[in-house]
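Okay, here's what each chain looks like letter by letter:
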Amino acid sequence: MEKLSTLQLIQSHSLTTIIQEEVEKMILRGEVSVGGRLNESELAQRFGISRGPIREAFRGLEESGLVRQEKNRGAFVREISIAEADEIYDLREALEELIGRKLAQRISAEQLAELERQIGHMEKAAASKDATLYHPLNLQFHDTLVSFIGNGKLTAVYRKLTKELLLFRLRSLSGGMDVSIEEHRQIYQAIAERDAEKAGAVLRRHSELSRARMHRAMSA
């Protein structure tokens, strides 16, 4: 069997990465329902490629916790139970506190301005009652917080937990944008004051309240 050249390996890896990212976006946008099957042949046709990179992308998505694969059945968007969501929140609450503490100690004026800008966009979405716009802005705000820390390992773990939790939230996404905006304003203010203890506590409380809203939504 002829060995692949370095260029071919790079091209193959790059294609798989691109496909994995595109399928991930489809999942997180809710284009494929939680528990729904990912059709290998349809995706290959959609992207105009062979099934090989699709299979590799599925394996990557399985490792990231978004997909489960069943022998002879295919790949499915993973379902998250409320018990597992609670376990994720246990970890996320601790990470949010860590992020708040660290960021308050090192935030720059430019970074604060970016957070202020993002909250402004969120306020506009909330004022127009546009949940489909508000939700990704909310995610972007929290992702920006962790990215400002500059810790690659922390960012990777946080993003993995966020994506897994999204699978659950896609099942029962609740409203409350006005309340959410107020909580984000409090987060911004605590970080802007460079009060590490307060920022950590406010971010942890925000995650705790998010968990409580999840439980209320499920009870309803």
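Data block above holds the structure.
Residues numbered from 1 in each chain as written. Predicted model: local features only at pLDDT ≥ 70, side-chain atom pairs only at ≥ 80, totals over all residues. Heavy atoms only, no water.

Q: Hey, could you go over the overall build of the protein for me, with residue numbers and the actual values?
A: For the protein, the helix and strand inventory stands at nine helices and three strands. Element order for the protein, N to C, with α for helix and β for strand: α-β-α-α-β-β-α-α-α-α-α-α. Reported as C-alpha extents along the three principal axes, the dimensions of the protein are approximately 65 × 45 × 30 Å. Taking contacts inside the protein between residues at least 6 apart in sequence as the whole, the part at least 24 apart equals 73%. Of the accessible surface of the protein, which amounts to about 12100 Å², a share of 51% is contributed by carbon and sulfur atoms. (Helix = DSSP H or I, 4+ residues; strand = E, 2+ residues; numbered from the N terminus. Contact = heavy atoms within 4.5 Å. Areas by Shrake-Rupley, 256 points an atom, 1.4 Å probe, with all protein chains shown as cover.)

Q: An account of the nonpolar core is needed here, citing residue identities and associated values.
A: With 55 residues, the main nonpolar core has Leu 38, Ile 99, Leu 145 and Ile 191 as its most contacted residues. Those residues within four positions of Leu 145 in sequence are excluded, and the remaining contacts are Ile 99, Leu 103, Leu 115, Ile 187, Ile 191 and Leu 203. (Core = buried A, V, L, I, M, F, W, Y, C linked by side-chain atoms within 4.5 Å. Buried < 20%, exposed > 50% of the residue type's maximum accessible area, 1.4 Å probe, protein only.)

Q: Outline the sheet that holds strand E1 (residues 37-38), listing residues and values.
A: Judged by pairing direction, the sheet is antiparallel, and its three strands sit side by side in the order E1-E3-E2 without closing on themselves. In this open sheet, the two strands that pair with only one neighbour each are E1 and strand E2 (67-70). Pairing analysis gives four bridges linking E2 to strand E3 (residues 74-77), with the strands arranged antiparallel. Following the sheet pairing, Arg 68 is matched in E3 by Phe 76. Packing against the sheet, helix H3 (residues 51-63) makes contact with E1, E2 and E3, and its axis sits at approximately 120° to E2. (Pairing = 2+ DSSP bridges. Axes fitted to C-alpha atoms, helices over the stretch in contact; angles between N-to-C directions.)

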